[in-house]
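One letter stands for each residue in the lines below.
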Amino acid sequence: MSKKQTLWIALPVFNEWPAIKELVENLLLTLDSQFQDYQLVICDDGSTDEGKKYISSLDTQKNIKIIQHNYNRGLAEAIRDIFEYVAENGEPEDFLIRMDGDATHNPAYLKDIIDELSKDCDVAVASRTKDNDKNLSVIRRIYSLLARYFVRFFFPVPKITEYTGGFRGYTVEILQKAMRVYGGSFIQLGSFGFVCTFEKLIKLSLIGAKFSEVPFELEYSNKTGESKMVPWITILGYILLIPVIYWPGTGWNKRTKELRV
């Protein structure tokens, strides 16, 4: 990264204590030692555990911005608020990396993601290695497998094999473009939990984003809270995404076609 670029870190958090403390401390050590200009943006999505107090205490630090939801509004709303804040306050040449707040994403991979973004791509996805899937529960592994084949059939994205993970890097320029094109509809299926993680990929692909991947190890043993994913709601969201993208006349595939000519 050049001196004029800012690295933004997006952390949506809901009841991730004590993992969130470990993650933030590791993040700040990595950021202070490797990056000259960074901003950590944390959205506390109505946490009710000890993490709420801890996150509030970080608000006085100059490189940390706290967005506080008074009640739990869901992952999509937390991500939307962070992305809109960065799109409004960042510069096109900046980078944003979104991480989970449960300490399963190691800050050691930030440099790899940034290096990939610097190679003329707009979105760099941290992709779990195949051996890493054994750390997930059987249900999560089945869900990930089915989701992978479903989205490859209906929503193929070039150079992407990891569709459901949240560890990703973006250029702020592509996020600003997405906000101009989609406005408040960049994330439409917010009521369907983790579907928003995939919805963003599809909509960025529709406006010409270039993608790449970097391998990483998901440190699932660091997770201290229960999974927030409700499988049947997520599956329903994937199905509803088909008309959102492909419905004749009003689907985003047709509405953004002129941008791809």
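Residues numbered from 1 in each chain as written. Predicted model: local features only at pLDDT ≥ 70, side-chain atom pairs only at ≥ 80, totals over all residues. Heavy atoms only, no water.

1. Some points on empty space enclosed by the protein
- One pass over the full model with this rule turns up two cavities of 30 Å³ or more.
- Its boundaries defined by the atoms lining it, the largest cavity holds a volume of some 40 Å³.
- The wall of the largest cavity is formed by I79, R80, F83, E84, M179, G183, G184, F186 and I187.
- When residues in the lining of the largest cavity are grouped by element, the largest group, four residues, is from helix α3 (residues 75-89).
- For the lining of the largest cavity, a count of residues per class yields five nonpolar, two polar and two charged. (1 Å grid on protein atoms, 1.4 Å probe; cavity = no way out; pocket = protein on both sides within 12 Å on 5 of 7 lines; lining within 4 Å. Points joined across faces, edges and corners; volume = space filled by probe spheres on them. Helix = DSSP H or I, 4+ residues; strand = E, 2+ residues; numbered from the N terminus. Nonpolar A, V, L, I, M, F, W, Y, C, P; charged D, E, K, R; others polar.)

2. Description of the nonpolar core
- If you look at the biggest cluster of nonpolar residues, it comprises 47 residues, and the most contacted ones within it are F83, F198 and L204.
- Of all elements in the fold, only β1 (7-13), β2 (38-45), α3, β5 (123-128), α5 (138-154), α6 (172-182), α7 (195-206) and α8 (231-246) reach the threshold of two or more residues within this core.
- In contact with L204, not counting residues within four places along its chain, are V123, Y170, I174, A178, F186, A209 and F211.
- One finds A19, I20, L28 and I113 within the second-largest nonpolar core, a separate group that totals 36 residues. (Core = buried A, V, L, I, M, F, W, Y, C linked by side-chain atoms within 4.5 Å. Buried < 20%, exposed > 50% of the residue type's maximum accessible area, 1.4 Å probe, protein only. Contact = heavy atoms within 4.5 Å.)

3. Let's talk about the packing of aromatic side chains
- Tallied over the entire structure, the rule returns 13 aromatic pairs.
- Pairing W17 with Y54 gives two aromatic rings, centres 5.8 Å apart and planes at 55°, and the pair type is tilted. Here W17 is found in the loop between β1 and α1 (19-34), whereas its partner Y54 is found in helix α2 (residues 51-57), with 37 residues between them in sequence.
- What makes Y54 buried here is its relative accessible area of 14%.
- For the pair Y109 and F216, a centre-to-centre distance of 5.7 Å together with 85° between the ring planes defines the contact as edge-to-face. (Phe/Tyr/Trp six-rings, centres within 6.5 Å; stacked < 30°, edge-to-face > 60°.)

4. Comments concerning the packing of α3 against α7
- Direction vectors running N to C along α3 and α7 enclose 45°, while the axes themselves pass 9 Å from each other. Relative to α7, α3 is oriented oblique. Residues L75, A76, I79 and F83 of α3 pack against C196, T197 and K200 of α7.
- Residues belonging to the contact of α3 with α7 are distributed by class as follows: five nonpolar, one polar and one charged. (Axes fitted to C-alpha atoms, helices over the stretch in contact; angles between N-to-C directions. Parallel < 35°, antiparallel > 145°, perpendicular 65-115°, else oblique.)

5. Focus: the packing of α3 against α6
- At their nearest, the axes of α3 and α6 sit 9 Å apart, and the two run at 105° to each other. On the basis of their axis angle, the class for α3 and α6 is roughly perpendicular. The residues of α6 that touch α3, namely those facing F83, E84, V86 and A87, are V172, L175, Q176 and M179.
- When the residues that make up the contact of α3 with α6 are grouped by side-chain class, the tally is six nonpolar, one polar and one charged.

6. What to know about the sheet that holds strand β7 (residues 211-216)
- Strand order in this open sheet of seven strands is β3-β2-β1-β4-β6-β5-β7, and the pairing throughout is mixed. A strand with exactly one partner marks an edge of an open sheet, and here the two such strands are β3 (64-69) and β7. Between one strand axis and the next, the sheet turns through 20° on average, direction left out of account.
- By the bridge criterion, six bridges tie β2 to β3 in an arrangement that is parallel. Pairing of D44 across the sheet is with Q68, part of β3.
- Contacting β1, β2 and β3, α1 runs over the sheet at an angle of about 180° to β1.
- Here α7 sits on the sheet and contacts β4 (95-98), β5, β6 (168-171) and β7; the angle it forms with β6, its principal contact strand, is near 35°. (Pairing = 2+ DSSP bridges.)

7. Some thoughts on the pairing of β1
- Among the seven residues of β1, seven are classified as buried, and the element is accordingly described as predominantly covered.
- Residues of β1 alternate between two faces, with L7, I9, L11 and V13 on one and W8, A10 and P12 on the opposite face, all of them buried.
- Sheet topology places β1 next to β2; seven bridges connect them, and they run parallel. Paired with I9 across the two strands is L40, which belongs to β2.
- For the crossover from β1 across α1 to β2, the handedness is right-handed.
- The sheet contact formed by β1 and β4 spans four bridges and is parallel. If you follow L7 over to β4, its bridge partner there is F95. (Right-handed = clockwise from strand over helix to strand, strands pointing away.)

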